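Here is what each chain is made of, one letter per residue.
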Amino acid sequence: MTMKYLKQLLVSSVAAATMIGGTSVWADGLSADALQTSTGQIMADVTTLAGIGDFQNVNGSAQLAAFRAPGSVAQLPDGSILVADTRNHAIRKITNGTVSTFAGPALDLVLNSQGFPVGGLVNGSAAQAFFNEPTGLAVDAKGNVFVADSGNHAIRKIDTAGNVTTFAGSGLVGSKDGKGAEASFNRPSDVAVAADGTVYVADTLNHVIRKITADGTVSTIGAPSTRAIQIRPGEAAFAGEFQDGALASAKFNEPSGLALDSLGNLYVSDTGNQRIRYIDFKAGQVKTIAGSTPTVAGSLYAKNDLYAGGDYEDGAALQAMFDFPKGLAITSEGGLLIADSLNHAIRYLLDGKVTTISGTLQTGEADGVEQAAQFYSPTDVLITQQGNLVVADELNNKIRKIAPYRLPEEVTADAQVKVVTGTKLLSFDAQPEIVDGRTMVPVRAISETFGYDVKYTEEAGKRLVQLSKNGVTVQLTIGETGIVVKQEGAGDKVVATDASPYVKQDRTFVPIRFFAEQIGLDVQWDEPHRTAILRNKSAIQ
């Protein structure tokens, strides 16, 4: 399978969902409130909220539950997290550490020849209803849930009484405006609900945005694509296009993520164009606000290419690069969170600049800090009422949580030098201090905190401090710079430093950064609180 075809499958079959409120208890916003690393990255910890990673359908404890390619997340007014469990053809719910089925089959009732569940289009009570690859979720002000039921080419509604109906669409592929079942869609993958009840739809394979009024009347935003390509010899199809400007003539390429701002305007993940677009309804204009791609002979697309070329680059918004951006969420400071699916990262657009919140180009499932954490095709991101980010980590079959790092409450902004590990303030029998710009701490307290044995020896007239654990020894020399790392079965590794240990008041002080980094810790300095922050980079060591 080629990468191009893989991208087509990912875009066409699983997609992202919407923000559910427009406000966030990250107070003034991520950038204003969060602590930042030395490189300006927002400090955050990534953990697994639900899912063991198996491609299954299992309810129960969140840490033992299983999903099949979850595509979207949303939050109910009671704080529960809804999951569009795409390949299980169901809507799941996470409440107080427990996963249950919110709507759709709780068990694998009908299986295909490969042994996987088959979806359907059945209305009725939540327990009796069937979906077919639901990919996008949105919750309105009353608590009704709207579902982009991609495989059914329909928009479904789950009301507060638990009844499932088809809000718009016939269940058949098409591109027709009309009311309710008279309208048709082609693999819709996201929905967003305005305050007046209007529902916007990312009609992905029709390459347009659809609008559904409260009475179910569907109309089209944007112009249809006329770009024909050859999919394979003898077979052609229409592919998406790109056009900014007047709303009536604007064009998209497999749009798959939506978010409404406080003005009622719409952000769009224009996935196949590797861009974030903005629809200003009052001005009647569409513009690109982030994303760029290299051109081919003056065109976004090479001959017969379905998509513009994706890549990865932080920086100025119109020079930044994405690779199949999908789900979106808006922060209270006006920033936009982006699930950048094939870059396996959560990106942030604020004040004309794109940065990476978490994730790395390398796929994986490691929990940890910022870019030490790993995702595998994240397709949606949600800001919860509690101030965390929740991510639909599609190909890991997990729901992940990104929590902003916060110092322990007892840490105060004063002149005293402090050290915290995770959320614990460490206590010392001798006060840590700053010497030549380096944080120096008593070695015994810091080593005991991380389970290292301390040994003092002399060698060739030099006093050595050795910290050992699990066959690894970190050796420092009193009065000399440099660290020697000794590991069983491997040669010694010498690491240069610009600070040397010393003895003061019968305590041996060592430079905390160099020691901590050698044992795999992330080290940051918060100047307002005069605090060194130590965190495990990854939960998988």
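The shown structure was predicted, so the numbers you read here are calculated from the model rather than taken from an experiment. (Residues numbered from 1 in each chain as written. Predicted model: local features only at pLDDT ≥ 70, side-chain atom pairs only at ≥ 80, totals over all residues. Heavy atoms only, no water.)

**Q** Just checking my understanding: could you explain the sheet that holds strand β3 (residues 70-75) for this structure?
**A** Backbone hydrogen bonds hold the strands of a sheet together, and the pairing may be parallel or antiparallel. Strand order in the open sheet formed by five strands is β2-β6-β5-β4-β3, with antiparallel pairing between adjacent strands. Edge positions in the sheet fall to β2 (60-61) and β3, since each of these pairs with one other strand and no more. Sheet topology places β3 next to strand β4 (residues 81-85); five bridges connect them, and they run antiparallel. By the bridge assignment, Ser72 is partnered in β4 with Ala84. (Pairing = 2+ DSSP bridges. Helix = DSSP H or I, 4+ residues; strand = E, 2+ residues; numbered from the N terminus.)

**Q** What is the right way to look at the side chain of Asp261 in this model?
**A** With respect to the helices, strands and loops of the structure, Asp261 is situated in the loop between β20 (255-260) and β21 (266-270). Here Asp261 sits buried without a salt bridge, and the closest side chain of opposite charge, Lys287, lies 9.5 Å off (N-O distance). In terms of polar contacts, Asp261 uses its side chain to reach the side chain of Tyr278, at 2.6 Å. The contact partners of Asp261, leaving out residues within four places of it in the chain, are Tyr267, Tyr278 and Ile330. (Buried < 20%, exposed > 50% of the residue type's maximum accessible area, 1.4 Å probe, protein only. Lys, Arg positive; Asp, Glu negative; His and termini not counted. Salt bridge = Lys/Arg side-chain N within 4 Å of Asp/Glu carboxyl O. Polar contact = N/O pair within 3.5 Å; in protein donor to acceptor, adjacent residues only side chain to side chain. Contact = heavy atoms within 4.5 Å.)

**Q** Just to check I follow, could you spell out the environment of Thr412 for this structure?
**A** Take Thr412: it is sitting in the loop between β32 (398-404) and β33 (418-421). By relative accessible area, Thr412 is classed as partly exposed at 40%. Not counting residues within four places of it along the chain, the set of residues in contact with Thr412 comprises Lys418 and His529. A polar contact is formed between the side chain of Thr412 and the side chain of Asp414, at a distance of 2.6 Å.

**Q** Looking at this structure, how should I read the domain arrangement of the protein?
**A** Many authors give the size of an interface as the accessible area that is lost as the parts come together. The domains assigned to the protein are domain 1 (30-404) and domain 2 (418-536). The C-alpha centroid of domain 2 is placed 45 Å from the C-alpha centroid of domain 1. Of the residues lining the interface, eight residues belong to domain 1; the matching set on domain 2 comes to six residues. For the domain 1 and domain 2 pair, buried surface summed over both sides reaches about 550 Å², with 55% attributable to carbon and sulfur atoms. Area buried by domain 1 at its contact with domain 2 is led by Leu35, Met43 and Val369, which between them contribute 65% of it. At the boundary of domain 1 with domain 2, the tally comes to two salt bridges. Between Arg535 and Asp45 there is a salt bridge whose closest N-O contact spans 3.2 Å. (Domains from an automatic or database assignment. Buried area = accessible area lost by both parts, 1.4 Å probe.)

**Q** What is the right way to look at the pairing of strand β6 (residues 98-103) in this model?
**A** Regular strands show a simple pattern: their side chains alternate between the two faces of the sheet. Summarising the sheet, β2 and β6 pair through two bridges and their orientation is antiparallel. Residue pairing for β6: Gly60 is matched across the bridge by Val99. Note that strand β5 (residues 90-95) and β6 share five bridges and pair antiparallel. Across the sheet, residue Ile94 finds its bridge partner in β6, namely Val99.

**Q** Quick question: what am I supposed to make of the environment of Asp436 here?
**A** Positionally, Asp436 belongs in the loop between β35 (433-435) and β36 (438-442). Owing to a relative accessible area of 78%, Asp436 belongs among the exposed residues under this scheme. Considering only alpha carbons, one finds Asp436 and Gly364, 72 residues apart in sequence, at a separation of 39 Å.

**Q** Explain the pattern of salt bridges here, please?
**A** Note on pairing: side chains with opposite charge can pair once their charged atoms come close. For the coordinates displayed, the defined rule picks out 27 salt bridges. One salt bridge connects Asp149 with Arg156, and the closest N-O pair in it is separated by 2.7 Å. When sorted by exposure, Asp149 lands in the same class as Arg156, which is buried. Connected through shared salt-bridge partners, Asp45, Glu370, Asp522 and Arg535 make up one network.

**Q** Got a minute to help me understand the pairing of strand β45 (residues 531-536) in this structure?
**A** Among the six residues that make up β45, five are buried, leaving the element largely enclosed by the rest of the structure. Bridge count for β33 against β45 is four bridges, and the pairing is parallel. From the neighbouring strand, Val419 faces β45, where its bridge partner is Ala532. Bridging between strand β44 (residues 521-526) and β45 involves six bridges; their strand directions are antiparallel. For Val523, the partnering residue across the bridge sits in β45 and is Leu534. In this antiparallel pair of consecutive strands, β44 and β45, the connection spans four residues, and Arg530 shows a positive phi of 50°.

**Q** Sorry if this is basic, but what is going on with the UniProt feature "domain: Copper amine oxidase-like N-terminal" (unreviewed entry) in the protein here?
**A** In this structure's numbering, the residues bearing the UniProt feature "domain: Copper amine oxidase-like N-terminal" (unreviewed entry) are residues 421-533. Within residues 421-533, the helical portion is 12% and the strand portion 50%, while the C-alpha atoms at the span's ends are 6 Å from each other. (UniProt positions renumbered as here; feature names shortened; annotations may be inferred.)

**Q** Got a minute to help me understand the environment of Lys353 in this structure?
**A** In this fold, Lys353 is placed in strand β28 (residues 353-359). A C-alpha to C-alpha distance of 29 Å links Lys353 and Leu521, two positions 168 residues apart in sequence. Not counting chain neighbours up to four residues away, the residues in contact with Lys353 comprise Gly315, Ala317 and Tyr348.

**Q** Is there a simple way to think about the nonpolar core in this case?
**A** The tendency in soluble globular proteins is for nonpolar side chains to be buried side by side. In terms of nonpolar packing, the biggest core is built from 27 residues, with Val419, Ile446, Phe450, Leu467, Ile483, Ile519 and Leu534 touching the most fellow members. Within the residue set of this core, elements represented by two or more residues are α3 (443-449), β38 (462-469), β39 (472-477), β40 (483-487), α4 (512-518), β44 and β45. With sequence-adjacent residues up to four places away left out, Ile519 is seen in contact with Phe450, Tyr452 and Val474. Val46, Ala329, Ile357 and Ile402 belong to the second-largest nonpolar core, a separate cluster that totals 18 residues. (Core = buried A, V, L, I, M, F, W, Y, C linked by side-chain atoms within 4.5 Å.)

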